[in-house]
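One letter stands for each residue in the lines below.
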Amino acid sequence: MNPTFIITFAPFKYQKTMSTIILGIESSCDDTSAAVIKDGYLLSNVVSSQAVHEAYGGVVPELASRAHQQNIVPVVHEALKRAGVTKEELSAVAFTRGPGLMGSLLVGVSFAKGFARSLDIPMIDVNHLTGHVLAHFIKVEGEENKQPGFPFLCLLVSGGNSQIVLVKAYNDMEILGQTIDDAAGEAIDKCSKVMGLGYPGGPIIDKLARQGNPKAFTFSKPHIPGLDYSFSGLKTSFLYSLRDWMKDDPDFIEHHKVDLAASLEATIVDILMDKLRKAAKQYKINEVAVAGGVSANNGLRNAFREHAEKYGWKIFIPKFSYTTDNAAMIAITGYMKYLDKDFCSMELPAYSRVTL
Ligand code: KG4
């Protein structure tokens, strides 16, 4: 048993144990997740994805909140069980405060507040986007030195964001460039919808692209100054090109599915990497990470590997389980904030929109 003493000036039971054990809770969109991190090492990461949205071709906020309510208790229970940790051993509860769907966030935030209060332990609020970036700091036995060193660049690409982030410290990040309209994931999802594929489109396009020719078709690329991105023009170019091609061949999509997917993916990856290369050169940084849902994309991962070879980048590609929404990234961020005693109050509201 670890020696435990209680610091009495804290408004809650701040346990100074030999080990720091953080429960992370994530409920910002359509995944209910809980994870346990002990001294930076992951003990469990349970994710319950909501299949209910598939029939609608997108996330239905009201259904997401209801599903979170049903899932949150069993998911937390399972995470503690798999970690072999009792709730009394927890040092703190970290939760996603935002950004995300308000109804979904409220379920996680309310649960975290009640849980922390009942155990009399600190609460730690986590920005979901920060969590994606800091997932790279989840320790792996024997690979502790494989984490990025500050400062590094992180390409944060998801359904709602496309950003180049300069990470100066775990709690000091600067957005160097971001999309001025659609996010990369949003563009992939919308184009896949136009092709009549399922939801979400990202993994489907990724799978089809593996069999296609990335040079079969060309789509327009944006000309945006600086390090910002734009993907709405590509979406329109994709739509109009299909419309023209289908005049001659109504089954054009079916006949060229894999080549369309490969060409679309290659265009998006090129757009992302062009600006990232520019940022790396401008800021003279060669440690480059990728994070967020789109970082699961094989074309993007390969482009990172090619850049490592060609430009000498030291790259950091997350495990697939950390690319989609997960509580492990919330727990590791909570762990880092815990070491700085960066706790939050019970009154803290959720926020649906916020930047890093
Ligand atoms: O980070 P995330 O899970 O959710 C948020 O947007 O916060 O990202 C979801 C996005 C979706 O647009 C989805 O289509 C995309 O990530 N995505 C992918 C892949 N897996 C998920 N895009 C391309 N290739 C993939 N393998």
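Keep in mind the model is a prediction, meaning the values are calculated, not measured.

What's the story with the state of the cysteines in this structure? I'm lost.
The bond known as a disulfide is covalent and runs between the sulfur atoms of two cysteines. In total, this model carries 0 disulfides according to the counting rule given. Note on C191: no disulfide assigned, nearest cysteine sulfur contributed by C29 at a separation of 20 Å. Relative accessible area serves as the criterion here: at 1%, C191 is assigned to the buried category.

I would appreciate a short explanation of the UniProt feature "binding site: substrate" (unreviewed entry) in the protein chain in the present structure.
Residues annotated in UniProt with the feature "binding site: substrate" (unreviewed entry) correspond here to L156, V157, S158, G159, G160, D189, G202, D206 and N297. Mapped onto the elements of the fold, V157 is located in strand β8 (residues 152–157). A residue is classified by how much of its surface remains accessible, and V157, at 0% relative accessible area, is buried. The residues contacting V157, other than those within four sequence positions of it, are S162, A184, L272, V290, A291, G292, G293, V294, S295 and L300. On the secondary structure map, N297 appears in the loop between β11 (287–291) and α8 (298–311). In this view, N297 contacts D206, E265 and V269; residues no more than four positions away in its chain are not counted. Within the local environment of N297, its side chain forms a polar contact with the side chain of E265, the two groups lying 3.0 Å apart.

Help me understand the UniProt feature "domain: Gcp-like" (unreviewed entry) in the protein chain in this model?
UniProt's entry tags residues 42–331 with the feature "domain: Gcp-like" (unreviewed entry), counted in the numbering of this structure. Helix makes up 46% of residues 42–331 and strand makes up 17%, while its end C-alpha atoms are separated by 9 Å.

What's the story with the environment of V140 in this structure? I'm lost.
Position of V140 among the secondary structure elements: in the loop between α3 (128–134) and β8. Separated by 172 residues in sequence, V140 and G312 place their C-alpha atoms 24 Å apart.

I tried to follow the domain arrangement of the protein chain on my own but got confused; where do I start?
You'll often see interface size given as the accessible area lost when the parts meet. Parsing the protein chain into structural domains produces domain 1 (19–142 + 321–338) and domain 2 (150–317). One C-alpha centre belongs to domain 1, the other to domain 2, and the line joining them spans 27 Å. Around 1,400 Å² of area is buried between domain 1 and domain 2 when both sides are counted, 74% of it from carbon and sulfur atoms. Three residues stand out in domain 1 for area buried against domain 2, namely V133, H136 and T323, and they jointly supply 40% of the buried area on that side.

Mind showing me how you'd approach the sheet that holds β11 here?
With respect to topology, 5 strands assemble into an open sheet ordered β10-β9-β8-β11-β12, the strand pairing being mixed. Each edge of the sheet is formed by a strand with only one pairing partner; in this case those strands are β10 (172–178) and β12 (314–316). Strand-to-strand, the axes of this sheet are offset by a mean angle of 25°, without reference to chain direction. Relative to β12, β11 runs parallel, the two sharing 3 bridges. In the strand pairing of β12, A289 is matched with F316. Strands in contact with helix α7 (residues 252–282) are β8, β9 (162–169) and β11; relative to β8, the strand with the most contacts, it is inclined by about 160°.

Where do I start with the pairing of β9 in this structure?
It is a general feature of regular strands that their side chains alternate between the two faces of the sheet. Most of β9 sits inside the fold, with 6 of its 8 residues counted as buried. Looking at chain direction, β8 and β9 are connected through 6 bridges and run antiparallel. Of the residues in β9, the one forming a bridge with L155 is I164. Count of turn residues in the β8/β9 antiparallel hairpin: 4 residues. Hairpin connection, β9 to β10: the antiparallel pair is bridged by 2 residues.

Explain the packing of aromatic side chains here, please?
Note on aromatic pairs: each is described by the distance of the centres and the angle between the planes. According to the stated counting rule, one finds 13 aromatic pairs in the structure shown. Look at F217 and W245: their rings are 4.8 Å apart centre to centre, the planes differ by 40°, and that puts the pair in the tilted class. One end of the pair, F217, is in the loop between α5 (201–209) and α6 (232–248); the other, W245, is in helix α6, with 28 residues separating them in the sequence. Relative accessible area serves as the criterion here: at 26%, W245 is assigned to the partly exposed category. Relative to W313, the ring of F304 has its centre 6.3 Å away and its plane inclined at 70°; by these criteria the two rings are edge-to-face. There is no split in this pair, since F304 and W313 are both buried. An aromatic cluster of at least three residues, connected via ring pairs, comprises F217, F219, F238, W245 and F252. Against the face of F320 rests R301, its NZ or CZ located 3.9 Å from the ring centre.

Before we go on, may I ask you to explain the nonpolar core in this structure?
Nonpolar side chains in soluble globular proteins tend to be buried together. Core analysis: the biggest nonpolar cluster contains 45 residues, and L153, L155, F231, L260, L272, L276 and L300 have the highest contact counts within it. Only β8, β9, α4 (184–194), α5, α6, α7, β11 and α8 provide two or more residues apiece to this core. Residue contributions to this core peak at 14 residues, all from α7. Not counting the four nearest positions on each side in its chain, L300 is found in contact with L155, V157, V269, L272, M273, V290, V294 and S295. Counting residues in hydrophobic clusters, the runner-up holds 34 residues, among them L134, I138, A328 and I332.

I keep staring at a nonpolar patch on the surface and nothing clicks. Help me out?
On the surface, V194, L239 and Y240 cluster together into a nonpolar patch covering about 250 Å² of accessible area. Relative to the elements of secondary structure, L239 occurs in helix α6. The partly exposed category is assigned to L239, whose relative accessible area is 39%.

Thresholds, definitions, all that
- Residues numbered from 1 in each chain as written.
- Predicted model: local features only at pLDDT ≥ 70, side-chain atom pairs only at ≥ 80, totals over all residues.
- Heavy atoms only, no water.
- Disulfide = S-S within 2.5 Å.
- Buried < 20%, exposed > 50% of the residue type's maximum accessible area, 1.4 Å probe, protein only.
- UniProt positions renumbered as here; feature names shortened; annotations may be inferred.
- Helix = DSSP H or I, 4+ residues; strand = E, 2+ residues; numbered from the N terminus.
- Contact = heavy atoms within 4.5 Å.
- Polar contact = N/O pair within 3.5 Å; in protein donor to acceptor, adjacent residues only side chain to side chain.
- Domains from an automatic or database assignment.
- Buried area = accessible area lost by both parts, 1.4 Å probe.
- Pairing = 2+ DSSP bridges.
- Axes fitted to C-alpha atoms, helices over the stretch in contact; angles between N-to-C directions.
- Phe/Tyr/Trp six-rings, centres within 6.5 Å; stacked < 30°, edge-to-face > 60°.
- Lys NZ or Arg CZ within 6 Å of the ring centre and 35° of its normal.
- Core = buried A, V, L, I, M, F, W, Y, C linked by side-chain atoms within 4.5 Å.
- Patch = residues over 30% accessible without salt bridge, like charges linked within 9 Å, V, L, I, M, F, W, Y side chains within 5 Å.
- Areas by Shrake-Rupley, 256 points an atom, 1.4 Å probe, with all protein chains shown as cover.
- Salt bridge = Lys/Arg side-chain N within 4 Å of Asp/Glu carboxyl O.

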